[in-house]
Amino acid sequence: MAQLTYREAVARAIAQEMRRDESVVFLGEDVGAAGGVFKATAGLLEEFGPRRVRDTPISEQAVLGAAMGAAMTGLRPIAEIMFSDFFAVCWDIVANEIAKTRYMTNGQVSLPLVIRSANGGGLRFGAQHSQAVENWAMAVPGLKVVAPSSPADLIGLFAAAVRDPDPVLFFEAKSLYPVRGEVPDGEIVEELGRAKVVRAGADVTIVALASMVPRALAAAAELSRTHGIEAGVVDLRSLVALDVTTVLAELAMTGRLFTVEENPRLCGWGAELVSVLAEDGFTSLDGPLIRITTPHVPLPAADSLEDAALPTVARIVETVVKNTD
Amino acid sequence: MAQLTYREAVARAIAQEMRRDESVVFLGEDVGAAGGVFKATAGLLEEFGPRRVRDTPISEQAVLGAAMGAAMTGLRPIAEIMFSDFFAVCWDIVANEIAKTRYMTNGQVSLPLVIRSANGGGLRFGAQHSQAVENWAMAVPGLKVVAPSSPADLIGLFAAAVRDPDPVLFFEAKSLYPVRGEVPDGEIVEELGRAKVVRAGADVTIVALASMVPRALAAAAELSRTHGIEAGVVDLRSLVALDVTTVLAELAMTGRLFTVEENPRLCGWGAELVSVLAEDGFTSLDGPLIRITTPHVPLPAADSLEDAALPTVARIVETVVKNTD
Amino acid sequence: MTTTSTENTAGTQRTRLALYRQMVRMRGLEKRAYDLFVQGLVKGTSHLSLGQEAVAAGFGVAMRADDYTFATYRGHAHTLARGVPMTPILAELMGRANGLMAGKGGSMHLTSIPHGMMGSYAIVGAHLPIAAGAAWSAQYRGTQQVAVCFFGDGATNIGAFHEALNLAAVWSLPVVFVCENNVYMEYTRTSEITAVPRPAADRAAAYGLPPVVVDGNDADRVYEAASAALDRARAGEGPSLVEALTYRHGGHSRADPAKYRPAEEVAEWLARDPLPAYRARLLAGGAAETVLAAIEAESQAEVDLATAEAKAGPLPGLELVEQDVWADGGASWRN
Amino acid sequence: MTTTSTENTAGTQRTRLALYRQMVRMRGLEKRAYDLFVQGLVKGTSHLSLGQEAVAAGFGVAMRADDYTFATYRGHAHTLARGVPMTPILAELMGRANGLMAGKGGSMHLTSIPHGMMGSYAIVGAHLPIAAGAAWSAQYRGTQQVAVCFFGDGATNIGAFHEALNLAAVWSLPVVFVCENNVYMEYTRTSEITAVPRPAADRAAAYGLPPVVVDGNDADRVYEAASAALDRARAGEGPSLVEALTYRHGGHSRADPAKYRPAEEVAEWLARDPLPAYRARLLAGGAAETVLAAIEAESQAEVDLATAEAKAGPLPGLELVEQDVWADGGASWRN
Ligand SMILES: Cc1ncc(C[n+]2csc(CCOP(=O)(O)OP(=O)(O)O)c2C)c(N)n1
Ligand SMILES: Cc1ncc(C[n+]2csc(CCOP(=O)(O)OP(=O)(O)O)c2C)c(N)n1
Ligand SMILES: [Mg+2]
Ligand SMILES: [Mg+2]
C-alpha cells in the first residue's frame, strides 16, 4: 500500500501497461520531454524512450488520426488530449472515424486505443479550459467512456481501458490531480462498466462521477451528521457501459435519487441516467428524480464565480434536504 | 397560399431575409453557383450576387470562423454546413468560440448568426452522412437550437433565427426536403422557443421533432383507428429554448408521455425532456416516461437496415400500445 | 495483381498488361455500377472515378501486397486495385448481405482489411492523419509497409491535410499522399477557392517536400511516380506528396449531371481518356490484339458474373443493426 | 496612441517615443502581473509576453484606431497596445468586478470591443478564421479597416491556420496574420515538431503570399513591417503573413519555470532584450534622457495606480454566473 496522488497514478498506470505490452505507445503534446503540462506523465520518456513516447505538434486531428491508424494496424496507442475542451478541434476523428469504423466495416476493424484527457473545472482556467465534456462522448455510439474518482480506480480502470479491444475515452478530473489516495502495490486491473457503492445509505441515493464523488461523500457525511439522512453514494466510474443494475438496486432500496454532475445541465449523463430510471425504475420512485448540475452556462474564470457555478457540498445537502420528507 | 416543398422553403426563407436586410450574407460550400448540393439554395446567387452569396473552400472551420468574425463586426451571416455530420470538423468554432464568447466577454460581443445544416438519415448515405446531431448542440450552453418539421415552420422559424441576436443552429431534416406543405403568401416570421400541439389527444402524449413529427402523426392516426387510443402530438420545434410549459400541460392531461427521437439513444433531447418531466411533472405521471429512439449505433447504409434502425410508425404504435392500459 | 515496385520497371510488358487489365476492370465495374443505379438497384449515393482509372491502376500495380490503401468515398477503383473481388463491391452498393460489409458501410466506405484496403472515408481530409498513423505503425513495427492515401484537389484546403502532412514529414513516415486533381470539388472549380494553381504540389514545400506532378491519365507515368514514392518511403526517406492531374468523366455523384462544366473542357478530357490511349500504346509496343481483347472479354465476364451474384444476394439480416459496435459483437451500452 | 501608418514613417521621433512608451508600459504591467501571482492575488493561469513587447508595440502603434486586434491567451500586451487601461486588465486577472469582463473571462480572454480588441482566444488556431471573418466584414462594409491576428509558432501546425490563410488569400481579405515566433510552443521546441525551419514564412507560398520575416525584438523593424502589411491590406491587395522572431523571457505560463531551455540560449536572447536596446537607440538618436525617464516614471505610476485600483475592486456579484449567455442578459433555456 502506497499513498499516491491522482496525478502520480496517471504515470504509474501508463508505465504499468507499457511495461507489459510492447505494442502500447503513448503520444501527445508535451507529454514526453516535459512530462505533460500537468506533470502527470513525468518519467515515461526516460523509461520507454522516444520511440514509444512521442511528443507531437499542436495538431490534435493528426494526433488522434495517428492513434487510430496505429490501432488499426497492430498497436495499442494511448493518446493525450491535453484539455478535454480540445476534443472540439478533433471531434471528427473521435465521433465520425474512431467511433464508427468497426460498425461500418461490419466488424473488420478493431481500434484498441485509449484517449486520456484532463477534464473539468476548479482551476480558474475559464470557459475554454474547464469544461466537463464526458457527455459529448456518451452521446456518440461506439465510444466507451470512463472517469475515475480516485488514484486506485484511475490505475485499475486505465489498465482495463488499455487492454480493452474497443476505443475508450478516459476522462481525468484535473481538479483531482493533487488529491492523494491509498494505492495497492503491484499490478492493478479493474473491470470496465461497473459502478461502485462508495457509501451505504438507506434513505436516499446520490449518484456522482469523478470530481463530484468527493463532494457527494462530503455531502452525505453532512446529511448524516446534521440532518439524520443516510445517503448512499454511487460512484458511476463508467458512463459507457453504464451500470444501471447497481443504480436500480440502490433506488429500489431508497426510492429517492439525486445525480450530481459537473457538466452543464442539458443532455448530461444525469439526464440519461434519470431517463433510464424514469422508465425502468418507475415503480421504485417515491418522489421526483433530481439532477444537481452546473447551470447551463460556460464556466466563468474568476474563482468566486467558478465556485458558485459548480455543484458544491452545500448545494447538494440543501437540495437533498429540501426534497426529502 | 402556395404548396412548397421543404427544400423550396429553404431558398424562400433565405431570400426573404436577404431582401429585408443588407447585412445578411450567406456562405458555404457549393451554395452559390450550384444552388447547394441538395438544391435548396437555388437562385440565391442569381438574385443577390457573389458579394452576398459566397462559395467557400472545403474548410468548415474557416467558414464558421468567417461567419463568427463577420457577426462580431456588424453582419448577420447565414452559414451552411452541408451535412450536420461535418459539425465534427468545426465543432471548436461552434462549441468553444461562438457559444461562449458573449458570456466570456461579459456581454460585449453579440453573434447574430445562423448555421443551417442538413440533418438526419433516411437517404441511405451511411454512418458519416446521416446523423441527427441536434443533441450535440443542445448540450453546449450558448447555442439556440431549432429544427422545423414543415415548410411553413421552416420559413417562419428561419426568419426568427436570422433576426435573433444570438447564434442559432438550424437543423433541416434532409429526409423532409421533398415533402410538400401549405405555405402562406407574403412574409412569414414565427417565434423561437415555442412548441406546437399538432394533434390533440387526451389519452397519451407523443413528443417529436423534425423528421419524427410526420411519423408521430401517422402513428397517432393509427392508434386512433386501430386501438381507440387518442394520442396528442407535440412538435417541439425548438430544443433551446425548450418549451417545457406546453409539454407539461399535455402531460398533466394525459399522464402518459412518449418521446420519438431520430438521434441515437444516449443523451438525446428526449433524455433531457424526460428528466425535466421526471422532476417537474412527477405528480402528473401515471406511468413510466418512455423514449422511442434510434438504437445507440451508428447508422447502417443499406436501405433495409437503415429503415430498421430509425423509429418507425409501427414501432411507435407498438410501444404506445404496449405501455398503455 | 500487386507486385513490388522493385521487380517491375514501367514499360515491361507484364506491368503494362497488368495496368491495362486493372483499368479495364475498373471501367467495366463502374459502368455497371452506373447501370445499376439507373435500374434503381443501388440506393443512396455513389461516386464514380470513370476517367481516373490510371491513378488507381498505376498505384495499385506498384504497391506491395501488404501495403495499406486509404481512399475516399470515391474508392471503388482503389478497392478493386487491391484485389478485392467485384461481387462484394457491387453487392455492398446494392445493400446486400454478400456485400463487402454486409451493407452496413455502403458505397462510400468500402473496406477490406485482408486486402490492405484500410477503408474509404467520407469526411473530406479525415483519412490523411489516419494513413499517417498506419505508416507510423509500420515504421514502429519495422515491416517496410507503406501507406498510400488518395484524396481530391478540394481536400487540400481542409485542416486535416495540413496537420497530416506536417506530422508525416516530421516523423519521416512511410506514407504517400496522392492528390487526384480532377479539377472540381463537388460542383465548384477548385481553382476558384484555392490560393495556388496546384492545390497539392504548390503546398509540398510547406512540409519540406519536393513538388511532384504527374499526368494522372497516363498509367505508365503514374506507375513510375508511384514506384519512386514507394521506394522512397521504404528507404526510410519519408513521405511523398504526389499530385496526379486527371478528370472525372461523369458528375460528382449519382445526383450530379455536371452541367457546370464547359463542354470544351469535357470534350478535351474525354479525348484524353486513359483507356483507349493506353490500348493504342500497348499495340504500338507490340502487344497482340488478341491478348487485349481477351483481357477485355475476361473483364466483361467478371462484371457480368459479379452483377448476377450481387443481384442474387439476400438482404442483410436485421439483427445486424445492433451488431459489431463493440469487439464482443454486440451493441449493448448498459447492463 | 494609435495613428495611421501613413502619417508615420519609422524613425520619426514621435513614433519612436510612442513605441518606447508602449514597450515600457507593457513591461511594467506584466512584471506587476507576475508579482501579483506570487502574492497569490492572480488565480488560475496567465501567459506573459515579457521579451516580446516590440511586436505588440510595433503593430499597436502602426494600427488605426478602428482596426481589429485578435490575440491569443498571451494577449496582455496586445490589449494594452489598443488603448485599454491597465486597471481593468489587472482587475480581470485578479477576478474582480472592475475587471475588463468582470472576471468572467479571465487572463486568457481579454476583450474590449470599444478599443478594437476583439478578443484573446485560448484554443490554438481558432482565432485565425475569426479574424478573417472580421476582415471579410470590413471588406463587405467598405470601411478600410484591417484585422490583425497574432498567434505563436506552434499554432502554425494546426488545421485552422491552413484554412484561414487559404480563405483570406482567395477572398483577398484585409487581414494581417502575425506569427510571434518565440521558439517554443509550451515546453517543446517548435523546430522539433515542424517540417520547415520558419513555421510561418516557409508556409506563405502555400497561400500565394510572399514570405516576410522580421526581427521581433526591434520595434522599428516591426513597425515598418506592420505599416507595409496594413497599407497592403487597405490598398485591397489582400492578406499578409508576417513572422516576427522573438523570445519569451519567462516560462510559457505561471506554472512553468522553463527549465527546458538551454542557459546560453536564454542568455543570448536576454542580451537582445528589446527595451534597453531601443532606449539606447533613442538616446543615440537625440532623445533626451529626461524624456525617457519621464515615460518610465509615468508608466510606473500608472502601474502602481492600476494595482491599487484593481486590488480595491470588489468580487463580482454571484448573479453574474447566470447572466449574459443570451442577448437578453439571461441564461434561461426553458420556459
Ligand atoms: C469535411 C467535409 N466537408 C464537406 C464534405 C462534402 N463533400 C463530399 S465530396 C466533396 C468534394 C471533394 O472534392 P475533392 O477533394 O476534389 O474530391 P473529389 O470528389 O473531386 O474526388 C465535398 C465538399 C465532406 N464529405 N466532408
Ligand atoms: C487546440 C489546442 N491545443 C493545445 C492547446 C494547449 N496550448 C496552449 S498554448 C500552447 C502552445 C502554443 O504555442 P505557440 O503557438 O508557439 O504560442 P506561444 O504560447 O508560444 O505564444 C498549447 C499547446 C490549446 N490551447 N489549444
Ligand atoms: Mg476533385
Ligand atoms: Mg511559441
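Refer to the structure above for everything that follows.
Residues numbered from 1 in each chain as written. Chains lettered and ligands numbered in written order. Predicted model: local features only at pLDDT ≥ 70, side-chain atom pairs only at ≥ 80, totals over all residues. Heavy atoms only, no water.

**Some points on the coordination of the magnesium ion (ligand 4)**
Residues and elements named next belong to chain D. Coordination of the magnesium ion (ligand 4) by the protein comes from D153 (OD), N182 (OD1) and Y184 (O), over a distance range of 2.0 to 2.3 Å. Read in sequence order, the donor residues coordinating the magnesium ion (ligand 4) give the pattern D-x28-N-x1-Y. Of the two residues, D153 sits in the loop between β3 (147–152) and α6 (159–170) while Y184 sits in the loop between β4 (175–181) and β5 (212–215), which places them 31 residues apart along the sequence. (Donors = N, O, S within 2.8 Å, 3.2 Å for Na, K, Ca; no water. Helix = DSSP H or I, 4+ residues; strand = E, 2+ residues; numbered from the N terminus.)

**Considerations on the coordination of the magnesium ion (ligand 3)**
Angles between donor atoms at a metal ideally measure 109.5 degrees for a four-coordinate tetrahedral arrangement and either 90 or 180 degrees for a six-coordinate octahedral one. Within the protein, D153 of chain C (OD), N182 of chain C (OD1) and Y184 of chain C (O) serve as the donor atoms for the magnesium ion (ligand 3), at 2.0 to 2.3 Å. Expressed as a motif, the donor residue spacing for the magnesium ion (ligand 3) is D-x28-N-x1-Y.

**A few points about the packing of aromatic side chains**
Two measures describe an aromatic ring pair: the distance that separates the ring centres and the angle between the ring planes. The tally for this structure, following the rule as stated, stands at 40 aromatic pairs over all chains. When the ring of Y6 of chain A is compared with that of Y177 of chain A, the centres are 5.9 Å apart and the planes differ by 65°; the resulting orientation is edge-to-face. Separated by 171 residues along the polypeptide, Y6 of chain A in helix α1 (residues 6–20) and Y177 of chain A in the loop between β7 (168–173) and β8 (180–183) bring together distant segments of the chain. Note on accessibility: Y6 of chain A and Y177 of chain A belong to one class, buried. Taken together through their ring pairs, the aromatic side chains of F87, W91, W136 and F171 of chain A together with F87, W91, W136 and F171 of chain B make up a single cluster. Above the face of the W171 of chain C ring, R54 of chain A is positioned so that its terminal group lies 4.0 Å from the ring centre. Over the face of the ring belonging to W326 of chain C we find K144 of chain A, whose NZ or CZ atom lies 5.2 Å from the ring centre. (Phe/Tyr/Trp six-rings, centres within 6.5 Å; stacked < 30°, edge-to-face > 60°. Buried < 20%, exposed > 50% of the residue type's maximum accessible area, 1.4 Å probe, protein only. Lys NZ or Arg CZ within 6 Å of the ring centre and 35° of its normal.)

**Considering helix α6 (residues 159–170) of chain C**
Across its 12 residues, α6 of chain C extends 17 Å between first and last C-alpha, which sits within 8% of the 16 Å expected from 1.5 Å per residue. Among the 12 residues in α6 of chain C, 10 count as buried, and that is most of the element. Where α6 of chain C is concerned, the buried positions are G159, A160, F161, H162, E163, A164, L165, N166, L167 and A168 of chain C. Its buried side turned inward, α6 of chain C meets α3 (60–72) of chain A, α5 (127–141), β3 (147–152), β4 (175–181) and β6 (240–245) of chain C together with α6 of chain D. Immediately beyond the C-terminal end of α6 of chain C, within one or two residues, lies S172 of chain C, with a positive phi of roughly 50°. (Expected span 1.5 Å × (residues − 1). Contact = heavy atoms within 4.5 Å.)

**Structural notes on the nonpolar core**
In terms of nonpolar packing, the biggest core is built from 311 residues, with F87 and W91 of chain A, F87 and W91 of chain B, F70 of chain C together with F70 of chain D touching the most fellow members. Those residues within four positions of W91 of chain A in sequence are excluded, and the remaining contacts are N96, W136, A137 and V140 of chain A together with A88, W91 and W136 of chain B. (Core = buried A, V, L, I, M, F, W, Y, C linked by side-chain atoms within 4.5 Å.)

**Examining helix α2 (residues 53–62) of chain D**
Because the α-helix completes a turn every 3.6 residues, residues three or four places apart line up on one side. For α2 of chain D, a buried count of 10 out of 10 residues is recorded, marking the element as mostly surrounded by other parts of the structure. Of all the positions in α2 of chain D, only E53, A54, V55, A56, A57, G58, F59, G60, V61 and A62 of chain D are classed as buried.

**So, the relation of the copies chain A and chain B**
Between chain A and chain B, which share one sequence, the superposing operator has a rotation angle of 180° and an axial displacement of 0.0 Å; the RMSD is 0.0 Å. A rotation of that kind, with that shift, is consistent with a two-fold axis. (Least-squares fit on C-alpha atoms with pLDDT ≥ 70 in both.)

**Topic: the site of ligand 1**
Neighbouring residues of ligand 1: 21 residues in total, closest E60 of chain B together with Y73, R74, A122 and G154 of chain C. Ligand 1 is flanked by residues contributed from chains B and C. R74 of chain C places a polar side-chain atom, nitrogen or oxygen, 2.8 Å from an oxygen atom of ligand 1. In this structure, a nitrogen atom belonging to ligand 1 sits 2.8 Å away from a main-chain N or O atom of A122 of chain C. (Near = heavy atom within 4 Å. Polar contact = N/O pair within 3.5 Å; in protein donor to acceptor, adjacent residues only side chain to side chain.)

**A look at the pairing of strand β11 (residues 231–235) of chain B**
A regular strand carries its side chains on alternate faces of the sheet. All names here are of chain B. Counting buried positions along β11 yields five of five residues, so the element is predominantly enclosed. Going residue by residue along β11, you find A231, V233 and D235 tucked away on one face and G232 and V234 tucked away on the opposite face as well. Of the pairings in the sheet, the one linking strand β9 (residues 196–202) to β11 comprises four bridges and is antiparallel in character. Across the sheet, V197 pairs through a bridge with V234, a residue of β11. Alignment of strand β10 (residues 204–208) against β11, held across five bridges, turns out to be parallel. Across the sheet, the residue bridging to T205 is G232, located in β11. (Pairing = 2+ DSSP bridges.)

**What to know about the interface of chain A and chain D**
With 36 residues of chain A at the contact, the number on the chain D side is 34 residues. Each partner contributes to the roughly 2,700 Å² buried at the junction of chain A and chain D, and carbon and sulfur atoms together form 70% of this total. On the chain A side of the contact with chain D, I58, Q128 and L305 of chain A bury the most area, a combined 23% of that side's loss. There are one salt bridge connecting chain A and chain D. Between chain A and chain D we count eight residue pairs in polar contact (both at pLDDT 80 or more) in total. Here the side of chain A that touches chain D gets five residues from one element, more than from any other, and that element is helix α11 (residues 303–309) of chain A. Residues belonging to the side of chain A that touches chain D are distributed by class as follows: 20 nonpolar, eight polar and eight charged. (Buried area = accessible area lost by both parts, 1.4 Å probe. Salt bridge = Lys/Arg side-chain N within 4 Å of Asp/Glu carboxyl O. Nonpolar A, V, L, I, M, F, W, Y, C, P; charged D, E, K, R; others polar.)

**Overview of the sheet that holds β6 of chain C**
Residue and element names in this part refer to chain C. Strand order in this open sheet of six strands is β2-β1-β3-β4-β6-β5, and the pairing throughout is parallel. Since the sheet does not close on itself, it has two edges, and those belong to β2 (117–121) and β5 (212–215), each with one partner. Taking each pair of neighbouring strands and ignoring which way they run, the sheet shows an average axis angle of 20°. One ladder, built from three bridges, connects strand β1 (residues 68–72) with β2; its direction is parallel. Along β2, the bridge assignment pairs T69 with M117. The strands touched by helix α2 (residues 53–62) within the sheet are β3, β4 and β6, with β4 carrying the most contacts at an inclination of about 165°. Where α6 meets the sheet, it contacts β3, β4 and β6, and its direction lies at approximately 145° from that of β4. (Axes fitted to C-alpha atoms, helices over the stretch in contact; angles between N-to-C directions.)

Function-wise, these values are silent; they only describe arrangement.
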